[in-house]
Amino acid sequence: MKMRETAEKTELFAQVKQQAIKLAAVFKERAAHTDTTGEFPYENFQALKESNFLSLTVPPEYDGKGLNLSEYLQIQEILAQGDAATALSFGWQLGVILENTENRKWDEHSFQDLSYKIVHDKILLNLAQTENATGSPSRGAAPTTIASSEGTKWRINGRKSFASIAAALDYSIVTATIHPSGNKGFFLIDHSLEGVAVEETWDSIAMRGTRSDDIILDDVLVDQEALLVEENKGTVTPRGWYLQIAAVYLGIAAAARDYTIQFASELRPASLPGPIKEVPEVRRKIGEIELALFNAREVLYATARKWIDYPEKRSAMSPDLAAAKHIVTNNANHVVDLCMRIVGARSLSANNPLQRHFRDVRAGLHNPPTDDAIVYTLADHALK
């Protein structure tokens, strides 16, 4: 019975991967338009809905596909090769659901209800944590968004920044400091409620299609059940699914590599007897690209495998997750740089995909945790 279940799960994932490859090919055709206009890629998300991709990390008992961390990251890497902004935005929804699928910290009835909404109503969801006043939650500051209990309701006031797909969201999971305890709560907010608004603030030159605008919460009243989970002050929770950041930027690097290989195979300057792929220096750079991609993939998926195979070690895996993010995103940047050196001045043309990959891959260095925070985390861990 167990062998049959394993075989069925393997077949299911193979089908999902093939769907992801097809979706990525379609997204690739739209990526330049999305980047140029800065518009949200509604068509891409409609395709994800129609392919039932919103249910990828929902557990099977709630009609989802139940992908694990490694499988989820593979899908993210594939989708990012088509359009990185779509993949990164989409990944937040998959990741936050995967987290609770693994640890079941939310009220189970609330999780079941939300899962069914995702699978059957195709709702879009994001985790909104970052604030201009406090920066990334990885820095440890308490949210300035406040939740106060009023009878059978919570009153929530605050503002969240860098909220990907803000304008298209049906729900957000918002972090807020609970008054008066000071603990951090994760609240499910229906965007149709009075007091929820989106302000367009996204003017980044990278990942333009994420439309990571601000969410404003002005005296928003939600039921007591909207509090999904409460964490004590100062709690640090390693989140394996944050590796989706690394997977997306690895996907960008892979897309840049594929374009460069094709370019080097086709360009035949009059001064050379064959294509530039035969030039020793080009071959050396391609070899460096392959090494960097191999290194990044091995680190990323080995870390994910450790997370899956040793759940009892997850609480101590913050250094592993941080190191993997650092290694993958920096290698991804190195790969794109090498690709641009091979392609040369043509890579700076506005209609060349490498200039978009170059801008997008840089964003990975600024997604939390940032390089400086990672280095100090590893130092602290070593010196304890």
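Since the model is a prediction, treat every value here as computed from it, not as a measurement. (Residues numbered from 1 in each chain as written. Predicted model: local features only at pLDDT ≥ 70, side-chain atom pairs only at ≥ 80, totals over all residues. Heavy atoms only, no water.)

Chemist: I'd like a rundown of the overall build of the protein, residues and numbers included.
Modeler: In terms of regular secondary structure, the protein is built from 10 helices and 8 strands. Against the 2.2 N^0.38 benchmark of 21 Å for 384 residues, the protein shows a C-alpha radius of gyration of 21 Å, consistent with a compact globule. Its C-alpha atoms give the protein principal-axis dimensions of about 80 × 50 × 50 Å. Across the 384 residues of the protein, 51% fall into the buried class. When contacts within the protein are restricted to residue pairs at least 6 apart in sequence, those whose partners lie at least 24 apart make up 74%. Across the protein, the centroid of the 41 positively charged side chains sits 6 Å from that of the 50 negatively charged ones. (Helix = DSSP H or I, 4+ residues; strand = E, 2+ residues; numbered from the N terminus. Rg over C-alpha atoms; globule rule 2.2 N^0.38 Å. Buried < 20%, exposed > 50% of the residue type's maximum accessible area, 1.4 Å probe, protein only. Contact = heavy atoms within 4.5 Å. Lys, Arg positive; Asp, Glu negative; His and termini not counted. Charge placed at Lys NZ, Arg CZ, Asp CG, Glu CD.)

Chemist: Before we move on, can you summarise the packing of aromatic side chains with the specific residues and values?
Modeler: What describes a pair of aromatic rings is the distance from one ring centre to the other and the angle between the planes of the rings. Overall, the coordinates contain 11 aromatic pairs when judged by the stated rule. A centroid spacing of 5.8 Å and a plane angle of 80° characterise the contact between Tyr62 and Phe111, whose relative ring orientation is edge-to-face. Here the residue Tyr62 occupies a position in the loop between helix H2 (42-50) and helix H3 (69-82), and Phe111 occupies one in helix H5 (residues 108-121), the gap between them amounting to 49 residues. Summarising the aromatic geometry, the rings of Tyr62 and Tyr116 are spaced 5.8 Å apart at their centres and angled 80° between planes, so their arrangement reads as edge-to-face. (Phe/Tyr/Trp six-rings, centres within 6.5 Å; stacked < 30°, edge-to-face > 60°.)

Chemist: Please give an account of the nonpolar core that cites residues and values.
Modeler: In terms of nonpolar packing, the biggest core is built from 109 residues, with Phe53 and Leu79 touching the most fellow members. Excluding anything up to four places from it in sequence, Phe53 contacts Val16, Gln19, Ala20, Leu23, Leu48, Ile75, Leu79, Phe90 and Leu94. (Core = buried A, V, L, I, M, F, W, Y, C linked by side-chain atoms within 4.5 Å.)

Chemist: Which residues make up the pattern of salt bridges, and what values do they have?
Modeler: Under the definition given, this model contains 24 salt bridges. Note that Arg155 is salt-bridged to Asp219, the shortest N-O span being 3.7 Å. Of the two residues, Arg155 is situated in strand S3 (residues 153-163) and Asp219 in strand S7 (residues 213-223); the sequence distance between them amounts to 64 residues. For Asp337, the salt bridge goes to Arg341, with nearest N and O atoms at 2.7 Å. Of this pair, Asp337 and Arg341 both sit in helix H8 (residues 318-343), 4 residues apart, roughly one helical turn. For Arg341, a relative accessible area of 57% puts it in the exposed group. One salt-bridge network, in which partners are shared between bridges, spans Glu281, Arg284, Lys285 and Glu288. (Salt bridge = Lys/Arg side-chain N within 4 Å of Asp/Glu carboxyl O.)

Chemist: So, the side chain of Asn183: which residues are in play, and what are the values?
Modeler: Looking at the secondary structure, you find Asn183 in the loop between strand S4 (171-179) and strand S5 (184-190). Judged by its relative accessible area of 14%, Asn183 falls in the buried class. Dropping the residues within four chain positions of it, Asn183 is found in contact with Ala176, Thr177, Ile178, Glu230, Glu231, Asn232 and Lys233.

Chemist: Which residues make up the pairing of S7, and what are the values?
Modeler: Looking down a regular strand, the side chains alternate between one sheet face and the other. In this structure, S3 lies alongside S7, joined through 8 bridges in antiparallel fashion. Across the sheet, residue Lys153 finds its bridge partner in S7, namely Asp223. Alignment of strand S6 (residues 196-199) against S7, held across 4 bridges, turns out to be antiparallel. Bridge pairing in S7 places Glu199 opposite Asp214. (Pairing = 2+ DSSP bridges.)

Chemist: Describe in detail unusual backbone geometry, supporting the description with residues and values.
Modeler: Of all residues except glycine, most have a negative phi; of all peptide bonds, most are trans. Following His179, the chain continues to Pro180 via a peptide bond in cis, the omega torsion being 10°. With respect to the helices and strands, the residue Pro180 is situated in the loop between S4 and S5. Cis geometry is adopted by the peptide bond preceding Pro369, which originates at Pro368 and carries an omega value of -10°. For Pro369, the location among the structural elements is in the loop between helix H9 (353-362) and helix H10 (371-383). Notably, Ile165 is not glycine yet its phi reads approximately 50°, a positive angle. Looking at the element boundaries, Ile165 is found in the loop between S3 and S4.

Chemist: Give me the lowdown on the packing of helix H6 (residues 244-266) against H9, citing residues and values where you can.
Modeler: In contact at an axis separation of 10 Å, H6 and H9 are set at 160° when each is read in the N-to-C sense. As judged from the angle between their axes, H6 and H9 are roughly antiparallel. Between H6 and H9 lies a crossing whose hand is left-handed. For the pair H6 and H9, the contacting residues are Tyr249, Ile252, Ala255, Ala256, Tyr259 and Thr260 in the first and Pro353, Leu354, His357, Asp360 and Val361 in the second. (Axes fitted to C-alpha atoms, helices over the stretch in contact; angles between N-to-C directions. Parallel < 35°, antiparallel > 145°, perpendicular 65-115°, else oblique. Left-handed = near helix turned anticlockwise from the far one by under 90°.)

Chemist: Mind laying out the side chain of Glu231, listing which residues take part and the relevant values?
Modeler: One can find Glu231 in strand S8 (residues 227-231). Here Glu231 falls in the buried class, since its relative accessible area comes to 9%. At 3.4 Å, the side chain of Glu231 forms a polar contact with the side chain of Thr237. Polar contacts involving the side chain of Glu231 include one to the side chain of Arg239, which spans 3.2 Å. Ignoring any residue separated from it by four or fewer positions in sequence, one finds Glu231 in contact with Asn183, Lys184, Phe186, Thr237 and Arg239. (Polar contact = N/O pair within 3.5 Å; in protein donor to acceptor, adjacent residues only side chain to side chain.)

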